[in-house]
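Architecture at a glance
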2 protein chains.
Amino acid sequence: MPELLTAIVDDHPIVIEGLKTLLSHETNLKIIGGFCKGEDFLSYLSGHALDLVLLDVTLPDISGIELCQRIKQISLSTSILILSNHTERSIIMQAIQNGASGYLLKNSSIEELRHCIAEAVKGNICYSKEVMEIISRPSKNELQGVPRLTRREKEILALIAAGKTSQMIGQELFLSPLTVDTHRKNLIQKFGVKNVAELIMAANQQQLL
Amino acid sequence: MPELLTAIVDDHPIVIEGLKTLLSHETNLKIIGGFCKGEDFLSYLSGHALDLVLLDVTLPDISGIELCQRIKQISLSTSILILSNHTERSIIMQAIQNGASGYLLKNSSIEELRHCIAEAVKGNICYSKEVMEIISRPSKNELQGVPRLTRREKEILALIAAGKTSQMIGQELFLSPLTVDTHRKNLIQKFGVKNVAELIMAANQQQLL
DNA sequence: TTTTTTCTACCTGTTTTTAGGTATTTTAAT
DNA sequence: ATTAAAATACCTAAAAACAGGTAGAAAAAA
């Protein structure tokens, strides 16, 4: 049985060290190294074959979700296992949709970790117990998923969150306040909410602010 | 030089493993074990001497902050080093005030970790570079601290966040909508913000929702 | 028991948001 | 080159929020 080339991407050096130690006992895995930054890892991946990558969602440069896509673009055969603290259903679903083979929380047991790795390299999708529960209860406001916002919408959302009125935003972005109102309206519609209060809550839950 | 008896308390088994590995190279430290739960650790501490403890803030049972106090009550000579992801100034300050000898973020380098441990056991207080910066810049909205809200205000804040209008809230709580407006006004004033959008943002940042 | 805080409710008036549209011009994708 | 998406801007009118007060009753603290 050939050794599976494995990398770890996590912004916590301590976690990298921990995973290395834990996985050093797995005879069929060969840890080629740990990366703190997403871009560092991508440039490595461009030049080397890799079977498995353990990925954190929170990284200093790009998000783990985005990294999933990029990894799959470069090397479709590399299995991705997400290791994260994020319990939001939306994030988990996004990860899976972007090509991750599994998702587990950092506080899951070492047994769970081993099990998920074993499944991932077999090509199966595997979640830790807690993650399973999160997936199976689709909480109301997350049902229709994260709305895709345009650049302008994100910009205006941030300014609304900062307490600016449509008029102020208009001045700041050299737009008619009426245009800002339109964007505001679209934001409220996209999120399926009734007013800014709910909008800001939803955007926060979706980690968009 | 006698070995310093050291324990690790963290709800992530992976982090515990990583720290154990990292610190196994330190000849003057003896890791006596890792604990996932605060209470487990406290009951151990009641029966054994300990020189140093590495502590996470987020634990399943009690908070690391509270744990600091309890540790010092049981064993004043035990040095506490906080290892956490929390970058909120308030949390850092609370930890220090409750007897921690240092605070570092989990994504700090392994060198920083070693250095802080060395300082902590010498009896000095030591922060990682990033934490230093956080301490030295009292960010605006944290200056006047978390506003103390009354029961009613918290109740109404939650309903505002749910997208309810003053009228709806009034009906729900059997209050005049004018009363709700007054509470709304007071909330906006207490938080020092201009409108609900900013209010919800602030409340979120302050972990009040 | 007195004092303070919280909760209640109102008034006046202005500003802002929200809901229901329509419509043209850019920009990006096919 | 066409199509689709995004960004721009407008209209009308109602609903809600915001700013600036005042003020009495109830509850909690001193």
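Because the structure is a prediction, the values reported are computed rather than measured.

The next subject is the protein's contact with DNA strand C. In the neighbourhood of DNA strand C, 19 residues make up the surrounding shell, with A:Arg184, A:Lys185, B:Thr150, B:Arg152 and B:Ser176 lying closest. When atoms of DNA strand C within 4 Å of the protein are split into backbone and base, the sugar-phosphate part holds 68%. A:Gln167 places a polar side-chain atom, nitrogen or oxygen, 3.2 Å from a phosphate oxygen of DNA strand C. Separating a phosphate oxygen of DNA strand C from a backbone N or O atom of A:Val196 is a distance of 2.9 Å. Among the elements of the structure, helix H8 (166-173) and helix H9 (177-191) of chain A together with helix H8 (151-161) and helix H10 (177-191) of chain B are those that each provide at least two residues to the surface near DNA strand C. Partitioned by chemical class, the residues of the surface near DNA strand C number 4 nonpolar, 9 polar and 6 charged.

Contacts between the two partners involve 31 residues from chain B and, on the opposite side, 31 residues from chain A. Counting the surface lost from both chain B and chain A, the interface buries some 2500 Å², and carbon and sulfur atoms represent 70% of this. On the surface where chain B and chain A come into contact, there are 0 salt bridges. One can count 7 residue pairs in polar contact (both at pLDDT 80 or more) joining chain B with chain A. Of all the elements in the fold, those that place two or more residues in the side of chain B that touches chain A are helix H1 (13-23), helix H5 (110-121), H8 and helix H11 (196-205) of chain B. Per element, the largest residue contribution to the side of chain B that touches chain A is 8 residues, and it comes from H1(B).

So, on to the relation of the copies chain B and chain A. Placing chain B over chain A gives an RMSD of 2.8 Å and needs a rotation angle of 178°, together with 0.6 Å of translation along the axis. When the rotation and shift are considered jointly, the pair of chain copies conforms to a two-fold rotation axis. Scanning chain B for the C-alpha nearest the rotation axis identifies B:Gly18, at a separation of 1.3 Å. When you check the interface residues of chain B against chain A, 100% turn up at the interface there too, and the contact is symmetric in its surfaces.

Residues and elements named next belong to chain A. Strand order in the open sheet made by the 6 strands is S2-S1-S3-S4-S5-S6, with parallel pairing throughout. Strands at the two margins of the open sheet, each flanked by one partner only, are strand S2 (29-35) and strand S6 (126-127). One ladder, built from 6 bridges, connects strand S1 (residues 4-9) with S2; its direction is parallel. Paired with Ala7 across the bridge in S2 is Gly33.

Bringing the side chain of A:Lys72 into the picture now. Residue and element names in this part refer to chain A. Considering the arrangement of structural elements, one finds Lys72 in helix H3 (residues 64-74). Although Lys72 is buried, it makes no salt bridge; Asp51 carries the closest opposite charge, 11 Å away. A polar side-chain atom of Lys72 sits 2.9 Å from the main-chain carbonyl oxygen of Thr78. Excluding residues within four positions of it along the chain, Lys72 makes contact with Thr78, Ser79, Ile80, Asn98 and Gly99.

Further remarks concern the UniProt feature "modified residue: 4-aspartylphosphate" (unreviewed entry) in chain A. Residues and elements named next belong to chain A. The sites that carry the UniProt feature "modified residue: 4-aspartylphosphate" (unreviewed entry) are, in the present numbering, Asp56. Looking at the element boundaries, Asp56 is found in the loop between strand S3 (52-55) and H3. Take Asp56: its relative accessible area is 2%, and that puts it in the buried class.

All names here are of chain A. Summed over all chains, the structure comprises 4 aromatic pairs over all chains. Centroid distance Phe35 to Phe41: 5.4 Å. Interplanar angle 65°. Geometry classified as edge-to-face. Between Phe35 and Tyr44, the aromatic rings sit 5.5 Å apart at their centres with planes inclined by 50°, giving tilted as the arrangement. Through pairs of rings, three or more aromatic residues link up here, namely Phe35, Phe41 and Tyr44.

Here we take up helix H10 (residues 196-205) of chain A. Along H10(A), 9 of the 10 residues are buried, which leaves the element largely enclosed by surrounding structure. If you check which residues of H10(A) are buried, you get A:Val196, A:Ala197, A:Glu198, A:Leu199, A:Ile200, A:Met201, A:Ala202, A:Ala203 and A:Asn204. For H10(A), the secondary structure elements touched by its buried residues are helix H7 (151-161) and H9 of chain A together with H8 and H11 of chain B. Once H10(A) finishes, A:Gln207 follows within two positions and takes phi at roughly 60°, a positive value.

A few words now on the pattern of salt bridges. One pass over the structure, following the stated rule, counts 18 salt bridges over all chains. One salt bridge connects A:Glu153 with A:Lys190, and the closest N-O pair in it is separated by 2.7 Å. You can see A:Glu153 sitting in helix H7 and its partner A:Lys190 sitting in helix H9, a full 37 residues away along the chain. Judged by its relative accessible area of 4%, A:Glu153 falls in the buried class. By relative accessible area, A:Lys190 is classed as partly exposed at 33%. Between B:Glu39 and B:Arg70 there is a salt bridge; the shortest N-O distance is 3.7 Å. Of the two residues, B:Glu39 is situated in helix H2 (residues 38-47) and B:Arg70 in helix H3 (residues 64-74); the sequence distance between them amounts to 31 residues. Ionic contacts of the salt-bridge type, sharing partners, join the residues A:Asp10, A:Asp56 and A:Lys106 into one network.

Conventions adopted
Counting restarts for each chain, with residues numbered from 1 along the sequence as it is written. Here every chain gets a letter starting at A, and every ligand a number starting at 1, in the order they are written. With the structure being a predicted model, the display of local features is reserved for residues of pLDDT at least 70 and the display and counting of side-chain atom pairs for 80 or more, all residues being used for whole-chain, interface and lining totals. The side-chain values count all of the structure's non-hydrogen atoms but skip hydrogen atoms and water molecules. Whether a residue is near a molecule or strand depends on its heavy atoms: if one lies within 4 Å, it is near. Polar contact is defined as a pair of N or O atoms within 3.5 Å, subject to the rule that within protein one atom must be able to donate a hydrogen and the other to accept it, and that residues adjacent in sequence are counted only when both atoms are side-chain atoms. Labels follow the DSSP assignment, with helices taken as runs of H or I lasting at least four residues and strands as runs of E lasting at least two, numbered in each case from the N terminus. Ten residue types, Ala, Val, Leu, Ile, Met, Phe, Trp, Tyr, Cys and Pro, are classed as nonpolar, four, Asp, Glu, Lys and Arg, as charged, and the remainder, Gly among them, as polar. In this description, contact between two residues means that some pair of their heavy atoms is separated by no more than 4.5 Å. What gets called buried area is simply the loss in accessible area from a 1.4 Å probe that two parts show on being joined, summed for both. Any carboxyl oxygen of Asp or Glu within 4 Å of a side-chain nitrogen of Lys or Arg constitutes a salt bridge here. For the least-squares superposition of copies, only C-alpha atoms count, and only for residues with pLDDT at least 70 in both. When DSSP finds at least two bridges between two strands, those strands are taken to pair. The classification of residues rests on relative accessible area computed with a 1.4 Å probe and restricted to protein chains. Under 20% of the type maximum is buried, over 50% is exposed, and intermediate values are partly exposed. Only four residue types enter the charge count, namely Lys and Arg as positive and Asp and Glu as negative; His and the chain termini do not. UniProt positions are given in the numbering used here, feature names are shortened, and annotations may be inferred rather than shown by experiment. For Phe, Tyr and Trp, rings pair up if their centres lie within 6.5 Å, where Trp contributes its six-membered ring, and each pair is then called stacked (planes under 30 degrees apart), edge-to-face (over 60) or tilted (otherwise).

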